[in-house]
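Each chain, written out:
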Amino acid sequence: YAQIRYNRLLETNPNLKCDQCDRSLGENGGLFIRRARLVFSGNVTDRISFYIQPDLASSVSSTSLNFLQLRDAYFDVAMDQKKEYRVRLGQSKIPYGFENLQSSSNRLTLDRNDALNSAIANERDLGVFFYYAPQEIRGRFDELTSSGLKGSGDYGMLGIGVFNGQTANKPEANDNLHAVARLTYPFKLTNGRFIETGIQAYSGKYTVTPDMVTSGVAVDKSYTDQRVAASLVVYPQPLGFQAEYNIGKGPEYDPAANAIVEKSLHGGYAQAMYRLEAGDQVIMPFVKAQYYDGGKKHEKDAPGYLVYETEIGAEWLINKSLEFTALYSIGDRTVRNAANPDNNQHGNRLRLQAQFNF
Amino acid sequence: YAQIRYNRLLETNPNLKCDQCDRSLGENGGLFIRRARLVFSGNVTDRISFYIQPDLASSVSSTSLNFLQLRDAYFDVAMDQKKEYRVRLGQSKIPYGFENLQSSSNRLTLDRNDALNSAIANERDLGVFFYYAPQEIRGRFDELTSSGLKGSGDYGMLGIGVFNGQTANKPEANDNLHAVARLTYPFKLTNGRFIETGIQAYSGKYTVTPDMVTSGVAVDKSYTDQRVAASLVVYPQPLGFQAEYNIGKGPEYDPAANAIVEKSLHGGYAQAMYRLEAGDQVIMPFVKAQYYDGGKKHEKDAPGYLVYETEIGAEWLINKSLEFTALYSIGDRTVRNAANPDNNQHGNRLRLQAQFNF
Amino acid sequence: YAQIRYNRLLETNPNLKCDQCDRSLGENGGLFIRRARLVFSGNVTDRISFYIQPDLASSVSSTSLNFLQLRDAYFDVAMDQKKEYRVRLGQSKIPYGFENLQSSSNRLTLDRNDALNSAIANERDLGVFFYYAPQEIRGRFDELTSSGLKGSGDYGMLGIGVFNGQTANKPEANDNLHAVARLTYPFKLTNGRFIETGIQAYSGKYTVTPDMVTSGVAVDKSYTDQRVAASLVVYPQPLGFQAEYNIGKGPEYDPAANAIVEKSLHGGYAQAMYRLEAGDQVIMPFVKAQYYDGGKKHEKDAPGYLVYETEIGAEWLINKSLEFTALYSIGDRTVRNAANPDNNQHGNRLRLQAQFNF
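Throughout what follows, the structure given in this document is the object of discussion. Since the structure is predicted, the reported quantities are computational estimates derived from the model, not experimental observations.

### Here we look at the overall build of chain A
A tally of helices and strands in chain A yields three helices and 18 strands. The C-alpha radius of gyration computed for chain A amounts to 20 Å, which stays within 12% of the reference 21 Å derived for 358 residues, consistent with globular compactness. Across its three principal directions, the C-alpha atoms of chain A cover 55 × 50 × 40 Å. Buried positions account for 57% of the 358 residues belonging to chain A. Long-range pairs, those at least 24 residues apart, make up 60% of the contacts in chain A with a sequence separation of at least 6. Counting only carbon and sulfur atoms, one obtains 57% of the accessible surface of chain A, whose full area is about 13100 Å². If you average the places of the 39 positive and of the 40 negative side-chain charges in chain A, the two averages end up 2 Å apart.

### Description of the relation of the copies chain C and chain B
In the superposition of chain C on chain B (RMSD 0.0 Å, axial shift 0.0 Å), the rotation amounts to 120°. Interpreted geometrically, this transformation is the action of a three-fold axis. When C-alpha distances to the rotation axis are compared across chain C, the minimum falls at Leu68(C), with a value of 3.3 Å. Of all interface residues in chain C, a mere 10% are interface residues in chain B too; the two copies therefore contact each other through different surfaces.

### Remarks on the nonpolar core
Ile33(A), Leu56(A), Ile33(B), Leu56(B) and Leu56(C) are the most contacted members of the largest nonpolar core, which totals 63 residues. Setting aside anything within four residues of it in sequence, one finds Leu56(B) in contact with Ala36(B), Leu38(B), Asn66(B), Phe67(B), Leu68(B), Ile52(C), Pro54(C), Leu68(C) and Leu70(C).

### Notes on the pairing of strand β12 (residues 239–254) of chain C
All names here are of chain C. Judged from the nine bridges that link them, strand β11 (residues 223–234) and β12 form a sheet pairing that is antiparallel. Bridge pairing in β12 places Leu-232 opposite Ala-243. With antiparallel pairing between neighbouring strands as the criterion, β11 and β12 make up a hairpin whose turn holds four residues. Alignment of β12 against strand β13 (residues 259–274), held across 16 bridges, turns out to be antiparallel. Paired with Tyr-253 across the two strands is Ile-260, which belongs to β13. Between the antiparallel neighbours β12 and β13 lie four residues, among them Asn-258 with a positive phi of about 45°.

### Structural notes on the state of the cysteines
A covalent bond bridging the sulfur atoms of two cysteines is what the word disulfide describes. Residues and elements named next belong to chain B. Enumeration over the complete set of coordinates arrives at three disulfides over all chains. Covalently, Cys-18 is tied to Cys-21 through a disulfide, its sulfur atoms 2.0 Å apart. What sets the handedness of the Cys-18 and Cys-21 disulfide is the S-S torsion sign, and at about 65° it is right-handed.

### A look at the environment of Asn169(B)
If you trace the backbone, Asn169(B) turns up in the loop between β8 (158–163) and β9 (178–188). Considered as a pair, Asn169(B) and Phe141(B) are 28 residues apart in the sequence and their alpha carbons are 28 Å apart. Residues in contact with Asn169(B), not counting those within four places in the same chain, are Thr63(A), Ser64(A), Leu65(A), Asn66(A), Gln69(B), Leu70(B), Arg71(B) and Gln91(B). Of the polar contacts made by the side chain of Asn169(B), one reaches the backbone oxygen of Leu70(B); its length is 2.9 Å.

### Considerations on the packing of aromatic side chains
Applying the stated criterion across every chain yields a total of 39 aromatic pairs over all chains. Here the aromatic rings of Phe98(A) and Tyr235(A) are separated by 6.3 Å at their centres, their planes lie at 70°, and the arrangement is edge-to-face. Here Phe98(A), found in helix α1 (residues 98–101), pairs with Tyr235(A), found in the loop between β11 (223–234) and β12 (239–254); they are 137 residues apart in sequence, far enough to count as distant. For Phe98(A), a relative accessible area of 2% translates into the label buried. Classification of Tyr235(A) as buried rests on a relative accessible area of 1%. Here Phe356(B) and Phe75(C) contribute two aromatic rings whose centre-to-centre distance is 3.6 Å and whose plane-to-plane angle is 5°, an arrangement assigned as stacked. Of the two residues, Phe356(B) sits in strand β18 (residues 343–356) while Phe75(C) sits in strand β5 (residues 67–78), which places them in two different chains. The pair Phe356(B) / Phe75(C) is uniform in exposure class, with both members buried.

### Remarks on the interface of chain B and chain A
Size of an interface: often given as the accessible area lost when the parts come together. In this assembly, 31 residues from chain B lie in contact with 26 residues from chain A. Both faces combined, the contact of chain B with chain A buries some 2500 Å², and carbon together with sulfur accounts for 71% of it. The tally of links between chain B and chain A comes to one salt bridge. In this structure, Arg8(A) engages Asp175(B) in a salt bridge whose closest nitrogen and oxygen atoms are separated by 2.9 Å.

### Topic: the side chain of Asp125(B)
Residue and element names in this part refer to chain B. Inspection of the secondary structure puts Asp-125 in strand β7 (residues 124–132). Comment: no salt bridge for buried Asp-125; closest opposite-charge side chain is Lys-297, at 7.7 Å. For Asp-125, the side chain forms a polar contact with the main-chain nitrogen of Thr-167, separated by 2.9 Å. Residues in contact with Asp-125, not counting those within four places in the same chain, are Gly-90, Gln-91, Ser-92, Ile-94, Phe-163, Asn-164, Gly-165, Gln-166, Thr-167 and Ala-168.

### Some details on the relation of the copies chain B and chain A
It takes a turn of 120° to lay chain B on chain A, together with a shift of 0.0 Å along the axis; the resulting RMSD is 0.0 Å. Comparing interface residues between copies, only 10% of those in chain B also sit at the interface in chain A, which points to a heterologous contact through distinct surfaces.

### Digging into the pattern of salt bridges
Under the criterion given, the structure shown has 83 salt bridges over all chains. Among the salt bridges present, the one from Arg71(A) reaches Asp55(A), with a minimum N-O distance of 3.6 Å. Of this pair, Arg71(A) sits in strand β5 (residues 67–78) while Asp55(A) sits in strand β4 (residues 48–58), and the two are 16 residues apart along the sequence. Judged by relative accessible area, Arg71(A) falls into the buried class, the value being 6%. Ionic pairing is found between Asp72(B) and Arg124(B), a salt bridge with its closest N-O pair at 3.0 Å. Here Asp72(B), found in strand β5 (residues 67–78), pairs with Arg124(B), found in strand β7; they are 52 residues apart in sequence, far enough to count as distant. Across this residue pair, the class does not change: Asp72(B) and Arg124(B) are buried. What emerges from the salt-bridge pattern is a single network uniting Asp76(A), Arg86(A), Arg88(A), Arg138(A) and Asp154(A).

### Side note on the pairing of strand β3 (residues 40–43) of chain A
Residue and element names in this part refer to chain A. As paired strands, β3 and β4 are joined by four bridges and run antiparallel to one another. Note on β4: the bridge partner recorded for Asn-43 is Ser-49. Hairpin connection from β3 to β4: four residues lie between these consecutive antiparallel strands.

### What about the interface of chain C and chain B?
Facing the 31 residues of chain C at the interface are 26 residues of chain B. Carbon and sulfur atoms supply 72% of the area buried between chain C and chain B, which totals about 2500 Å² over both sides. Our count for the chain C to chain B interface comes out at one salt bridge. Our count for the contact surface shared by chain C and chain B stands at nine residue pairs in polar contact (both at pLDDT 80 or more). Looking at the side of chain C that touches chain B, the elements that each hand over two or more residues are β4 (48–58), β5, β6 (85–93) and β7 (124–132) of chain C.

### Thoughts on helix α3 (residues 135–146) of chain A
All names here are of chain A. The terminal C-alpha atoms of α3, which comprises 12 residues, lie 16 Å apart, in line with the 16 Å expected from a rise of 1.5 Å per residue. On the buried face of α3, the contacting elements are β9 (178–188) and β10 (194–206). Gly-148, located one to two residues past α3, shows a positive phi value of around 85°.

### Section: unusual backbone geometry
In this chain, Gln237(B) is followed by Pro238(B) through a cis amide linkage whose omega measures -5°. Looking at the secondary structure, you find Pro238(B) in the loop between β11 (223–234) and β12 (239–254). Here the phi dihedral of Asn66(A) falls at roughly 65°; this positive angle occurs in a residue that is not glycine. Residue class for Asn66(A) comes out buried when judged on its relative accessible area of 5%. With a phi angle near 45°, Ala302(B) is a residue other than glycine that sits in the positive phi range. For Ala302(B), the location among the structural elements is in the loop between β15 (281–295) and β16 (304–319).

Rules used in this analysis
Residues numbered from 1 in each chain as written. Chains lettered and ligands numbered in written order. Predicted model: local features only at pLDDT ≥ 70, side-chain atom pairs only at ≥ 80, totals over all residues. Heavy atoms only, no water. Helix = DSSP H or I, 4+ residues; strand = E, 2+ residues; numbered from the N terminus. Rg over C-alpha atoms; globule rule 2.2 N^0.38 Å. Buried < 20%, exposed > 50% of the residue type's maximum accessible area, 1.4 Å probe, protein only. Contact = heavy atoms within 4.5 Å. Areas by Shrake-Rupley, 256 points an atom, 1.4 Å probe, with all protein chains shown as cover. Lys, Arg positive; Asp, Glu negative; His and termini not counted. Charge placed at Lys NZ, Arg CZ, Asp CG, Glu CD. Least-squares fit on C-alpha atoms with pLDDT ≥ 70 in both. Core = buried A, V, L, I, M, F, W, Y, C linked by side-chain atoms within 4.5 Å. Pairing = 2+ DSSP bridges. Disulfide = S-S within 2.5 Å. Polar contact = N/O pair within 3.5 Å; in protein donor to acceptor, adjacent residues only side chain to side chain. Phe/Tyr/Trp six-rings, centres within 6.5 Å; stacked < 30°, edge-to-face > 60°. Buried area = accessible area lost by both parts, 1.4 Å probe. Salt bridge = Lys/Arg side-chain N within 4 Å of Asp/Glu carboxyl O. Expected span 1.5 Å × (residues − 1).

Have a look at this one:
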């Protein structure tokens, strides 16, 4: 699928930006290819399958866009005939957070929430994972995606794993692996409605590499990087509700000490949505509010963030291959790093996206 | 298709180079993969089609070659059953100049003319475009390509659009979009011969980004970037003739002021060619002369150029999949930038290319 | 195919590293995607075929992994109906050394030997090659690969060629081409066993480019780069033996002069292996010892190396698509460059690899 965006309509503050979200937000932003992904996948035997998903809209520097870089590259080895027990090896999504696992092609809002997405840049890392789900639950995961209810796909009812911890497409930078575990359950009520609840946590050591630190900022060899999160999804049949929250600790810039130190973090989001079918077309209005207070380890100097953001919008699925989203965003973001120890920006804007599924 | 070149035969001046043309020209040049392109395209519905063309011979730096980078990535949405009215969204060729729109796999000379190609690096940008052509004219565009007459393909009889303006695979750098319009008409004479005439123009604000300016050179926030061009193509049945010319203004280095300033520019080319069929094979001798006096906004310091070049050669199409081109080039190029305010080089060379179509 | 590795088990010295081998060896190494390759190939006519093999695990810098970069991109033009005489144009493996030509998916040890592999980084360059093999010998080359005997594939009985000489995906840096020639013969004994013997040599001028030299180190414009090698392979039916040795000269860092100078080099390896079939599965234990004393022209400052390494391990082919290798490596490596004129490291480690063929 591919997503093309324009974010500059009705903009009240061009300095309200968010690199983790979309680099074309605010000043100097224009039309932007946010994602262009192809999937190569298949079964190599009855038990072994592979999945390779490159993104053709990856940057090699701030001025050179649209190179091809891997997102997923993994192999699943099923341990039984029914594929209830699977081992996954390679670069893949870390089972941490429902919205993180949900494909961007299925998400209603244009960007993931800051609170849980700041855990793992690009949602992925290189590791070994074990997934278990009984056949009936695997069927539910499939149904929740294929029926248009915007499920997360099948990352097991139980998922555990170890991974490098520096996130996707970055080399390991210390001698510790991260560990992760997740338990989720998609309840099917007698009236056919689905409710999914999940808990997940990970722990490891994260190294802020020298290329990501402003000269003069004090930095430790590595930092404890730990989070635990709860997820609740009431699927839109037709009214839905979704919320996640996480707490933890990790590296964060401290303006007083001009150093990156270990600090606690917390935040989450709540979203309501409605699924309206009109013949072949589907319209889904939604509203989402999010909050995050903590560091972003992947950005320069692991800046501290304080984020309040509300989004109101609708996704319009014209047919299986073409989808438009419009949303109005009301944001207030404070970023603290070496370049600016207290950069507060607030403003509103209208954002548009065309998505093509192929 | 893929093109492999060697440019060093009978070379009289190794300092006669042209980065926009082919980085393996002159000193330290050797065998070079100029292009290696795959196309992924298809219809996703009756009305919507996509076209993704990556190039596997893109550089990420001057010492690291052959990475994959997007060239085209766009979607066409037809507004009517006959596809006479189409909207194109994404990164694609800007409808400015016949030779710019013609595929490199069809062009006789190894490089495009400096005068019109300096308008848009890699001929592409990210934008929204509207194309209109009546069914009969669409048929002519198809015929001109499929019959081996080296047409431009179908970019509409009328094309209008807006685009970022910093050219392909570069992020937008200001808050202005460029606008473009083109009108072209392929006349079919009663004797079956084709003549195509076109006019086109674009206008916008171009920003010379800091990474493209030598330290000490004065630079404005942005520059007016405007051009208008006329095109004439008499298709080779068997004798053909082709000419284009454009005038405009844009950023250009001024040695006296050591600054990049807004200056006027003009230039074009004329080419004669002959199409000789010999059984399954086709031989097309050609001669082309070009002239350009103006800036090149995409290069470091937006250098001023004064270019005179004559090329005499022939393309030999052995079969549908293999094609050789040899040309003798007589060039005189003056480049004015911060490193050298008056660098004049002239010389001759023989250039060879093997092209594989697949 | 794809290879995922973990190299940190039972490690006695985290400073024993080898960039040419595997960048995840030693300190800060973790799980690592060593290769992820797709092949696009086909016949465009009876006589012309193409082969494009990108690697999806290429780095653009030390902190940015998993971009797509070309490995092979070539065209074969057969000069006769039986394809005994072929011309190859493009980026492909240089016919120098049996282990260099053998696919990494077939090699028993995780890395190639330093002695012959230091001749051509990534084993490839851009050039024009001529290959000749009579039909019967072509059949043997095919049989040696398809039967699981781990042959090199068909690079001709006789191979000669010219190529840029700065190795794959690097631009030419001087005005000289390298030349190479190789003669190999796969004997088939009356008892059905295969023995292959080969000789090969190349010569050219290599330029150590400025980005690969530490400031202050004296460097010449270019260096003689010449090698000759002998190869012997007794295919594992079931006991096999393999050895190669090369001598030559090339650029190498001289600590006394703080300069890169022309020095002689020599080294090789010997390997014994046993092919054990157990139903559908194959297990191949092996032992390999290698030695190299000479420069590595592709690394920063063309460091001098003195390498002793012994590897004991086994490859376990579970089925056609899944393969595990475990090996215990005992190494002693001395590296001499500007940063450290005498860096000697020795140690042992257990290395693991999972390989998926698709």
